[in-house]
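Per-entry structural report
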Amino acid sequence: MTDPDHTGPYRAWTPAAYTFPLPDGHRFPAYKYAGVRDRLSGLLPVLDTPNLSWADAARAHDPLWLRRWRRGEIDRHEERAFGLPWSAEVVERARRAAGGSLAALHDALRVGWGINLAGGTHHAFRDRAEGFCLVNDAAILTRVALGDGLARRVAILDLDVHQGNGTAALLEGEDRAFTLSVHGERNYPFRKERSSLDLGLGDGVTDQDYLRVLREQALPALDAFRPDLLLYLAGVDVLAGDRFGRFALTLDGVRERNRAVLTWARSAGIPVVTMMAGGYNRDHALTVEAHASVVLDGLDVLP
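Scope of this entry: the structure provided in the associated data block. Remember, it's a predicted structure, so these values are computed and weren't measured experimentally.

Time to look at the pattern of salt bridges. Summed over all chains, the structure comprises 20 salt bridges. With its nearest N and O atoms 2.9 Å apart, the salt bridge here joins Arg-128 to Glu-130. Here Arg-191 and Glu-193 are joined by a salt bridge, their closest N and O atoms 2.6 Å apart. Members of the salt-bridge network, linked through shared partners, are Arg-255, Arg-259, Asp-297 and Asp-300.

A two-sided burial pattern is seen for strand 3 (residues 113-116), the buried positions comprising Trp-113 and Ile-115 on one face and Gly-114 and Asn-116 on the other. Across two bridges, strand 1 (residues 12-14) lies against strand 3 in parallel orientation. Its bridge partner lying in strand 3, Ala-12 is registered against Ile-115. Sheet topology note: the strand 3/strand 8 (residues 272-275) ladder contains four bridges and is parallel. Residue pairing across strands places Gly-114 opposite Val-273, the latter belonging to strand 8.

In this section: the pairing of strand 8. Burial along strand 8 is two-sided: Val-272 and Thr-274 facing one way and Val-273 and Met-275 facing the other are all buried. Relative to strand 8, strand 7 (residues 229-233) runs parallel, the two sharing four bridges. Counterpart to Leu-230 in the pairing with strand 8 is Val-272. Crossover handedness for the path strand 7 to helix 9 (residues 251-268) to strand 8: right-handed.

For the rest of this paragraph, the subject is the packing of aromatic side chains. The tally for this structure, following the rule as stated, stands at eleven aromatic pairs. Between Tyr-10 and Trp-113 the ring centres are 5.0 Å apart and the planes differ by 70°, which places this aromatic pair in the edge-to-face class. Here Tyr-10, found in the segment before strand 1, pairs with Trp-113, found in strand 3; they are 103 residues apart in sequence, far enough to count as distant. No difference in accessibility class separates Tyr-10 from Trp-113, as the two residues are buried. A centroid spacing of 6.1 Å and a plane angle of 20° characterise the contact between Phe-28 and Tyr-33, whose relative ring orientation is stacked. Look at Tyr-33 and you get buried, because its relative accessible area is 10%. Connected via pairs of aromatic rings, a cluster forms that spans Phe-20, Phe-28, Tyr-33, Phe-132, Phe-244 and Tyr-280. Across from the ring centre of Phe-225, 4.1 Å away, lies the NZ or CZ of Arg-153, which sits over that ring.

Tracing the backbone through its elements, the reader meets Thr-167 in helix 7 (residues 165-170). Discounting residues that sit within four places of it in the chain, Thr-167 has contacts with His-122, Ala-124, Asn-136, Ala-138, Ile-156 and Thr-179.

Hydrogen bonds along the backbone pair up the strands of a sheet, which may run parallel or antiparallel. Within the open sheet, the eight strands sit side by side as 2-1-3-8-7-4-5-6. Their pairing is parallel. Both outer strands of the open sheet, strand 2 (46-48) and strand 6 (197-201), are each paired with one neighbouring strand and no more. Within the sheet, the average angular offset between the axes of one strand and its neighbour, ignoring direction, is 15°. Where helix 8 (residues 207-225) meets the sheet, its contacts fall on strand 4 (154-158), strand 5 (177-184), strand 6 and strand 7, and the angle it forms with strand 5 comes to roughly 170°. Across the sheet, helix 10 (residues 284-301) touches strand 3 and strand 8, and the angle it forms with strand 3 is around 165°.

This paragraph deals with unusual backbone geometry. The omega torsion across Tyr-188 and Pro-189 is -5°, close enough to zero to call that bond cis. Within the secondary structure, Pro-189 sits in the loop between strand 5 and strand 6. Phi is positive for Phe-132, which is not a glycine, with a value near 70°. Turning to its location among the elements, Phe-132 is positioned in the loop between strand 3 and helix 6 (137-147).

Time to look at helix 5 (residues 88-111). Here helix 5 contains 24 residues, and its C-alpha end-to-end distance of 34 Å stays within 8% of the 34 Å for a straight helix at 1.5 Å per residue. Most of helix 5 is tucked away: 17 of the 24 residues are buried. Just beyond helix 5, the residue with positive phi is Gly-112, at close to 105°.

With that settled, consider the packing of helix 9 against helix 10. Any two packed helices are characterised by how steeply their axes cross, that is the angle between the axes, and by the distance between the axes. Where helix 9 contacts helix 10, the axes come no closer than 9 Å and their chain directions differ by 35°. Classified by chirality, the crossing of helix 10 by helix 9 is right-handed. Together, Leu-251, Val-254, Arg-255, Asn-258, Arg-259, Leu-262, Thr-263 and Arg-266 of helix 9 and Leu-286, Glu-289, Ala-290, Ser-293, Val-294, Leu-296, Asp-297, Gly-298, Asp-300 and Val-301 of helix 10 make up the contact between the two elements. For the contact of helix 9 with helix 10, the per-class residue count stands at eight nonpolar, four polar and six charged.

In this section: helix 10. For helix 10, with 18 residues, the first-to-last C-alpha span of 26 Å sits near the 26 Å given by 1.5 Å per residue. Ser-293 marks where helix 10 bends most, by close to 30°. Of the residues making up helix 10, those classed as buried are Thr-287, Val-288, Ala-290, His-291, Ala-292, Ser-293, Val-294, Val-295, Leu-296, Asp-297, Gly-298 and Val-301. Residues of helix 10 that are buried make contact with helix 1 (31-39), strand 3, helix 9 and strand 8.

Rules used in this analysis
Residues numbered from 1 in each chain as written. Predicted model: local features only at pLDDT ≥ 70, side-chain atom pairs only at ≥ 80, totals over all residues. Heavy atoms only, no water. Salt bridge = Lys/Arg side-chain N within 4 Å of Asp/Glu carboxyl O. Buried < 20%, exposed > 50% of the residue type's maximum accessible area, 1.4 Å probe, protein only. Helix = DSSP H or I, 4+ residues; strand = E, 2+ residues; numbered from the N terminus. Pairing = 2+ DSSP bridges. Right-handed = clockwise from strand over helix to strand, strands pointing away. Phe/Tyr/Trp six-rings, centres within 6.5 Å; stacked < 30°, edge-to-face > 60°. Lys NZ or Arg CZ within 6 Å of the ring centre and 35° of its normal. Contact = heavy atoms within 4.5 Å. Axes fitted to C-alpha atoms, helices over the stretch in contact; angles between N-to-C directions. Expected span 1.5 Å × (residues − 1). Left-handed = near helix turned anticlockwise from the far one by under 90°. Nonpolar A, V, L, I, M, F, W, Y, C, P; charged D, E, K, R; others polar. Bend = angle between axes of the 7 residues up to and from the residue.

What follows is the structure, encoded as structure tokens:
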């Protein structure tokens, strides 16, 4: 926790203190959570995430399936699709990461911006875990906001390089939610779901082309939907050199993207929740800096 007496309006949440066992050499980028926390130390309070309640998880997920994961009653196929070995600690960590998003939602409704230095677990389905995602925080936040009367129309802007397939499936048919995914068309998941708007791009996309799509297609679509809450999955696996991305953005391009999105939210006068989503660059320091940049840019752009 950093600077608990900080008097600014914003704070961030992190599950960095909650670890889980991983095999040596595993591809999950556990390093980045503590790295981003430390990078932002002193700039704003960084608090340990609370636990998401199982009742809130069940607002988007099958309760019986959640109980099986809680008890470890899963098979090898399910564990392989998740991408992480089952343990009580990994389930706890998933709840902590999603709990940070829920805490950030309440911050956003209170002061205009909520920050989770984790989350964006957009590959989780109602009764299926995929791609390091056990519970889908964007879908849970949407159900909480709409179900509890905290928002009337929620937009999810997913700028991870991978399509938010779980989010699209979980919110399909919900007219009060708008799922917008800008992703690599030829990248994982290879079976795409149908978002409200999918903008699938080819391999090797550069700053100029990516930002053109954002400004000319994505942000106008948000304007047309007119949400009163924005959930922004600020994935940095769009960077050149990412192990699982196929785009070629620079750090400057990612920062320009962040500023465009956050400026849009400020101009629209709507609260925004930022979540980290993916980032697996071969350059670990670049991954950390790119994730931290969402907060650094927000501190510049947002009032």
